[in-house]
Amino acid sequence: MLVNTTRFGNIDVPDDKILDFPNGVIGFKNENNFVILKHKPDSSFFWLQSLSSPDLAFSLLFPFNFVADYTPSLSKEVLNTLKVENAGEVEIYCMVVIPKDVSKMTINLLSPIVVGSKTQTGMQIVLNDSEYSVNHPLANSTSSAEEKAS
Amino acid sequence: MLILKRKRDQAIIIGNDVEIIITEIKGDSVKIGIKAPKSLAVHRKEIYDLIQKQNIQATKHSFEDIDRFVDIMKQK
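Quick look at the structure, then. Here the residue index of a chain counts from 1 through its sequence in written order. Going through the entries in the order they are written, you letter the chains from A and number the ligands from 1. Only residues with pLDDT of 70 or above have their local features reported here, since the model is predicted, and side-chain atom pairs are shown and tallied only from 80 upward, although totals for entire chains, interfaces and linings are computed over all residues. Computation of side-chain values: all heavy atoms of the structure, hydrogens and water removed.

A word on the overall build of chain A
Just so we agree on the cut-off: Strands here mean DSSP runs of E at least two residues long; helices mean DSSP runs of H or I at least four residues long; both are numbered from the N terminus. All radius of gyration figures rest on C-alpha atoms, and the globule criterion is 2.2 Å times the number of residues raised to 0.38. Here the term buried applies to any residue with accessible area under 20% of the maximum for its type, exposed to any over 50%, and partly exposed to those in between, with areas from a 1.4 Å probe on protein chains only. Whether two residues are in contact is decided by their heavy atoms: any pair within 4.5 Å suffices.
Secondary structure summary: chain A contains 2 helices and 11 strands in total. Secondary structure of chain A in N-to-C order comes out as β-β-β-β-β-β-α-β-β-β-β-β-α. Radius of gyration (C-alpha) of chain A: 15 Å, near the 15 Å computed for a compact globule of 150 residues. When the backbone C-alpha atoms are referred to their principal axes, chain A occupies close to 40 × 40 × 30 Å. Relative to its full complement of 150 residues, chain A shows a buried share of 51%. Across chain A, contacts joining residues at least 24 apart in sequence account for 51% of those joining residues at least 6 apart.

Brief notes about the overall build of chain B
Operational definition: Each accessible area is a Shrake-Rupley result for a 1.4 Å probe, and residues are judged covered by the shown protein chains and nothing else.
The secondary structure content of chain B amounts to 2 helices and 3 strands. The C-alpha radius of gyration computed for chain B amounts to 21 Å, which surpasses the reference 11 Å derived for 76 residues by more than 25%, pointing to a less compact arrangement than a globule. Viewed in the frame of its principal axes, chain B has a C-alpha envelope of about 60 × 30 × 25 Å. Counting every position in chain B, which comprises 76 residues, the buried fraction comes to 21%. In chain B, once contacts between residues fewer than 6 apart in sequence are set aside, the share between residues at least 24 apart is 0%. For chain B, the exposed area adds up to about 6100 Å²; of that, 53% sits on carbon and sulfur atoms.

Here we look at the nonpolar core
We count it as follows: Here, nonpolar core means buried Ala, Val, Leu, Ile, Met, Phe, Trp, Tyr and Cys residues that are tied together by side-chain atoms lying within 4.5 Å of each other.
Counting 38 residues, the largest nonpolar core has Phe45 and Val114 of chain A as its most contacted members. Secondary structure elements with two or more residues in this core: β4 (33-38), β5 (45-50), β6 (57-61), α1 (76-81) and β7 (90-97) of chain A together with α2 (63-75) of chain B. Val25, Phe28, Ile36 and Phe58 of chain A belong to the second-largest nonpolar core, a separate cluster that totals 16 residues.

Brief notes about the environment of Val67 of chain A
Residues and elements named next belong to chain A. Of note, Val67 is situated in the loop between β6 and α1. With 54 residues separating them along the chain, Val67 and Val13 place their C-alpha atoms 30 Å apart. When sequence neighbours within four positions are dropped, the list of residues in contact with Val67 reads Ile107, Leu109, His136 and Leu138.

Topic: unusual backbone geometry
You will see that Lys83 of chain A, though not glycine, has its phi angle at about 60°, which is positive. Residue placement: Lys83 of chain A occurs in the loop between α1 and β7. The exposure class assigned to Lys83 of chain A is exposed, which follows from its relative accessible area of 55%. Although it is not a glycine, Asp9 of chain B adopts a positive phi angle of roughly 75°. Position of Asp9 of chain B relative to the elements: it lies in the segment before β1 (11-14). Asp9 of chain B sits in the exposed class, given a relative accessible area of 55%.

Looking at the interface of chain A and chain B
Formally: Using a 1.4 Å probe, buried area is obtained as the accessible area two parts lose upon being combined, added over both of them. We define a salt bridge as a contact between a side-chain nitrogen of Lys or Arg and a carboxyl oxygen of Asp or Glu at a distance within 4 Å. N or O atoms closer than or at 3.5 Å make up a polar contact, with two conditions inside protein: a donor-capable atom paired with an acceptor-capable one, and, for residues adjacent in sequence, both atoms drawn from side chains.
Between chain A and chain B, the residue contacts involve 37 residues of the former and 26 residues of the latter. For the pairing of chain A and chain B, the buried interface totals around 2700 Å² over both sides, and the portion due to carbon and sulfur atoms is 69%. When the shortest N-O distance is used, the salt bridge between Lys40 of chain A and Asp67 of chain B registers 3.0 Å. Here chain A and chain B share 9 residue pairs in polar contact (both at pLDDT 80 or more) between them.

Section: α2 of chain B
Residues and elements named next belong to chain B. Applicable threshold: The length a helix should cover is 1.5 Å for every residue beyond the first. Taken from the helix axis, the directions to the C-beta atoms give the arc we talk about.
End to end, α2 covers 19 Å across 13 residues, agreeing with the expected 18 Å (1.5 Å per residue, within 8%). Burial in α2 covers these residues: Phe63, Ile66, Asp67, Phe69, Val70 and Met73. Down the axis of α2, the buried side of the element spans an arc of 160°, and every buried residue falls inside it.

In short, shape yes, function no, at least from these values alone.
Below, the structure written as structure tokens:
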């Protein structure tokens with residue numbers, strides 16, 4: 001499927017990479033079709049790119065390389081919505097915010113994006129029963145993790 | 001917006017599937033019971049608004065912003 005995007009130009013998205021977000025994402029309930037794009041081949045950054053709004057893309061980070069002991073729990077209802085049998089079939093990403101002062105970069109651990117790897121279904125969940133923060137500071141952990149990745 | 005007055009233990013039904021019950025009233029604080037299908041997410045509004053705000057912030061980066069960030073972190 002040919003998709004127009006602001007950041008990547010026109011891209012061809014294979015059908016098996018098109019993601020259905022039945023509930024959209026908080027604040028964007030009418031955005032239901034996305035693709036997850038890797039920022040660069042060796043990067044931990046990803047983009048949740050809308051298939052209908054070229055300019056709309058959320059910056060994502062794969063959280064487990066950067067946050068120790070991050071254990072988001074996935075309820076039965078979430079697994080049902082994602083059409084998977086168990087949490088092992090789910091990919092988890094967190095949105096990041098990078099302000100002008102990059103040392104103040106934060107990651108949203110409270111409401112991650114979860115995607116059924118083979119079911120092409122995704123959603124944003126809120127870990128209400130957890131102590132996770134919507135803006136967890138990343139400054140110290142990021143530098144060592146990016147070094148490990150390169 | 002529909003505004004209804006309820007006393008403690010009174011309830012409201014929304015559609016066919018959502019029930020709201022006032023379970024306790026103490027001073028300024030009200031305890032509200034919510035019966036809704038598990039597929040329907042229920043949020044405290046201030047949390048929802050906070051997440052929405054963070055989500056919007058996460059859409060504001062350009063491709064170059066991420067590269068610039070990675071470069072800065074590599075220099076540290």
